[in-house]
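What follows is the residue order along each chain.
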Amino acid sequence: MQGINSAVRSPVHTEISPLQRAAETLLDPSRPQSSPAKEGKGLKVIVGSSISFAVVITLALILQIYLGAPQVPPHGVVTSDNPVCSQIGVNIMQRGGTAVDAAIAAMFCLGVVHPHNSGLGGGGVMLVHSHMTMKSDVFNFLSSAPSAATGDMLNNNPTKGKFVAVPGELKGLRQAYDTFGSLSWADLVKPAADLARNGFKVSKDL
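Being a predicted model, the structure only gives us computed values, none of them experimental. (Residues numbered from 1 in each chain as written. Predicted model: local features only at pLDDT ≥ 70, side-chain atom pairs only at ≥ 80, totals over all residues. Heavy atoms only, no water.)

Undergrad: Whenever I open this one, the state of the cysteines confuses me. Can you help?
TA: By definition, a disulfide links the sulfur atoms of two cysteine residues through a covalent bond. Tallied over the full model, the rule gives 1 disulfide. The partner cysteine of cysteine 85 in its disulfide is cysteine 109, sulfur to sulfur 2.1 Å. Residues cysteine 85 and cysteine 109 share a disulfide whose torsion about the S-S bond is about -75 degrees; that sign makes it left-handed. Pair noted here: cysteine 85 is in helix H4 (residues 83-94) and cysteine 109 is in helix H5 (residues 99-113), with a separation of 24 residues, a long-range link. With respect to burial, cysteine 85 and cysteine 109 carry one shared label: buried. (Disulfide = S-S within 2.5 Å. Helix = DSSP H or I, 4+ residues; strand = E, 2+ residues; numbered from the N terminus. Buried < 20%, exposed > 50% of the residue type's maximum accessible area, 1.4 Å probe, protein only.)

Undergrad: Is there a simple way to explain the side chain of serine 130 in this structure?
TA: Among the structural elements, serine 130 can be located in strand E1 (residues 125-130). Under the relative-accessibility criterion, serine 130 is labelled buried at 18%. Side chain to side chain, serine 130 and threonine 133 meet in a polar contact 3.3 Å long. (Polar contact = N/O pair within 3.5 Å; in protein donor to acceptor, adjacent residues only side chain to side chain.)

Undergrad: Looking at this model, I keep getting lost on the packing of H5 against helix H6 (residues 169-180). Mind explaining?
TA: A packed helix pair is summarised by two numbers, namely the angle formed by the two axes and the spacing between the axes. In the contact formed by H5 and H6, the axes pass within 9 Å of each other and the chain directions differ by 155 degrees. Viewed along their axes, H5 and H6 adopt a mutual orientation that is roughly antiparallel. Between H5 and H6 lies a crossing whose hand is left-handed. Across the interface between the two elements, Val100, Asp101, Ile104, Met107 and Phe108 of H5 pack against Glu169, Leu170, Leu173, Ala176, Tyr177 and Phe180 of H6. Counted by class, the contact of H5 with H6 contains 9 nonpolar, no polar and 2 charged residues. (Axes fitted to C-alpha atoms, helices over the stretch in contact; angles between N-to-C directions. Parallel < 35°, antiparallel > 145°, perpendicular 65-115°, else oblique. Left-handed = near helix turned anticlockwise from the far one by under 90°. Contact = heavy atoms within 4.5 Å. Nonpolar A, V, L, I, M, F, W, Y, C, P; charged D, E, K, R; others polar.)

Laid out in structure tokens, this is it:
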């Protein structure tokens, strides 16, 4: 029993961290202070660990930015003159189409529901920027003058038909699709074709 009591009553030695020792010294100035060498060593360990952790996190972020998957939402936003066409563009992207696919489908839709503002009889310009390559492509499909047009025809009162420009929209959309499209061309045309076949609610603008 004497041996057991001695074992129970024997003092327990615990390791005290430098920060805990400093806090106890501030609360009780009468406590003996540890040597500056030991406290300095503990502080160096803390500072070194913090710096190492910060360096590792920074390197991980850099590798993620340059080598990891792009942090881009799988779906985007589509805006147009008509909410039906905007929704068609969103549906195209939700099916796995690219932003160019969505734009083409929305433009076909506008040609049906807003033919006075957009349609295959016109032209346009499309700017496509890739966040992966950080490059931009421009597709210029503005309407062009007919081949029979001349530089001085406005002064000679020519045949009225020579003033009619050649539409470039369909060709330009196809060029953009061949470069950046992913769904089938029929998938992009079908929503607008369904509207033309089944009808749609006429907007105030139309």
